[in-house]
Amino acid sequence: MASMNKMSRLCAGLMLAGALAACNGPPDDSHAKEVQLKLMGTWLRDYEENGTRVRRVLVLAPDGRFNEMSKATQHDAIMARHEHSGEWHFDGTNLKRRYTSIDGRQPSAPKFPYAAFEIRFESRNEFIGTDNVRKRQVRYQRVVDGTLP
């Protein structure tokens, strides 16, 4: 009888510990949600590379979709235009994009239809993204909706 009483107390203790552990819940992801809200909107990346000026406009929609338009010019002549779209999310560290359309076509091998940038906000209207795969940084500035490249 004494061993049964000990067993009952052990079971009760284990149940109490399990119940208390369940109260803790999952880790707080409010920071990731806060950053995701800050990322929504229209962003411009304007840079020069090898004598070519490139303007990229990235629109991050609240529904998890994105649209990216770019224009490359050299001496005020348009050299190339592109428009891509897909899905985006922020995982707590990285802004991740999965391309579902590249210039109106579904991506196929050997194209790499993903982009991931570790995000660091310089201000509410500017962030730096670090591409740890290609070892480069990019800077985006918030612009008004409807901005074109």
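Residues numbered from 1 in each chain as written. Predicted model: local features only at pLDDT ≥ 70, side-chain atom pairs only at ≥ 80, totals over all residues. Heavy atoms only, no water.

Participant: Before we go on, may I ask you to explain the environment of methionine 40 in this structure?
Facilitator: As for its placement among the helices and strands, methionine 40 is situated in the loop between helix H2 (30–39) and strand E1 (41–49). Setting aside residues up to four positions removed in sequence, methionine 40 forms contacts with Leu60, Pro62, Trp88 and Arg142. (Helix = DSSP H or I, 4+ residues; strand = E, 2+ residues; numbered from the N terminus. Contact = heavy atoms within 4.5 Å.)

Participant: Any chance you could explain the side chain of glutamate 126 here in plain terms?
Facilitator: Checked against the element boundaries, glutamate 126 lands in strand E7 (residues 126–131). Engagement of the side chain of glutamate 126 in a polar contact is seen with the side chain of arginine 139, the distance being 2.9 Å. In this structure, glutamate 126 is in contact with Trp43, Phe121, Arg139, Tyr140 and Gln141, ignoring residues within four places of it in sequence. (Polar contact = N/O pair within 3.5 Å; in protein donor to acceptor, adjacent residues only side chain to side chain.)

Participant: Is there a simple way to think about unusual backbone geometry in this case?
Facilitator: Among all residues except glycine, the phi angle is most often negative; among peptide bonds, the trans geometry is most common. Phi is positive for histidine 75, close to 55°, though the residue is something other than glycine. Note that histidine 75 resides in the loop between strand E3 (65–74) and strand E4 (77–90). Even without glycine at this site, aspartate 76 takes up a positive phi of about 65°. Along the chain, the position of aspartate 76 falls in the loop between E3 and E4.

Participant: For this particular structure, what's the right way to read the side chain of threonine 130?
Facilitator: Along the chain, the position of threonine 130 falls in strand E7. A distance of 3.3 Å separates polar atoms of two side chains, one belonging to threonine 130 and the other to glutamine 137.

Participant: Even after reading the chapter, I still don't get the packing of aromatic side chains, so can you show me in this structure?
Facilitator: One pair of aromatic rings is described through two measures. These are the centre distance and the angle between the planes. Within this structure, the stated rule accounts for five aromatic pairs. Relative to tyrosine 140, the ring of phenylalanine 127 lies with its centre 5.2 Å away and its plane at 20°, an arrangement referred to as stacked. In this pair, phenylalanine 127 sits in strand E7 while tyrosine 140 sits in strand E8 (residues 136–143), placing the two residues 13 residues apart along the sequence. Each member of the pair, phenylalanine 127 as well as tyrosine 140, carries the same accessibility label: buried. Grouped by ring-pair contacts, the aromatic residues Trp43, Phe121, Phe127 and Tyr140 constitute a single cluster. (Phe/Tyr/Trp six-rings, centres within 6.5 Å; stacked < 30°, edge-to-face > 60°. Buried < 20%, exposed > 50% of the residue type's maximum accessible area, 1.4 Å probe, protein only.)

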